[in-house]
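The lines below spell out each chain.
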Amino acid sequence: MRVLEEAAGETLHWTVVQDRALKARLIDPFTTKDVRGTVVKTLAGLAKEGRIVKEGPGLYRAGAPAE
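Residues numbered from 1 in each chain as written. Predicted model: local features only at pLDDT ≥ 70, side-chain atom pairs only at ≥ 80, totals over all residues. Heavy atoms only, no water.

Peer 1: A description of the pairing of strand 3 (residues 59-62) should follow, citing residues and the corresponding values.
Peer 2: Summarising the sheet, strand 1 (residues 12-13) and strand 3 pair through 2 bridges and their orientation is antiparallel. Looking at the pairing, His13 lines up with Leu59 of strand 3. Pairing of strand 2 (residues 52-56) with strand 3 involves 4 bridges; the strand directions are antiparallel. Paired with Gly56 across the two strands is Leu59, which belongs to strand 3. The turn joining strand 2 and strand 3, which pair antiparallel and follow one another in sequence, is formed by 2 residues; a positive phi near 80° is taken by Gly58. (Pairing = 2+ DSSP bridges. Helix = DSSP H or I, 4+ residues; strand = E, 2+ residues; numbered from the N terminus.)

Written as C-alpha cells, this is what we have:
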C-alpha cells in the first residue's frame, strides 16, 4: 500500500511494487519465505477490499475505483 501511495497515482506492475518494497526495506527477504507470493496476494486482497485499484493483469494503483 505504501509503495503505491508514494507512486502518486502511477499504475505499477506488481514486480515494480515488489522491487520498491524490497529497496525501501518494507519486506525482509530473509524473514519472508515467499516474497513474490506475499506481494501478489497482498495486492489482490487490497484490490478486492477496494483499497487499491487493479488496472489490468498485474497492474495496480492507489486510489478508489473510477465510477
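Alright, that's what it looks like, and here's the rest.
Peer 1: Run through the sheet that holds strand 2, naming residues and quoting values.
Peer 2: Across the sheet, 3 strands lie side by side as 1-3-2; this open sheet has antiparallel pairing. With partners counted over all chains shown, the strands left at the sheet margins are strand 1 and strand 2, one partner each. Here helix 3 (residues 35-49) sits on the sheet and contacts strand 2 and strand 3; the angle it forms with strand 2, its principal contact strand, is near 110°. (Contact = heavy atoms within 4.5 Å. Axes fitted to C-alpha atoms, helices over the stretch in contact; angles between N-to-C directions.)

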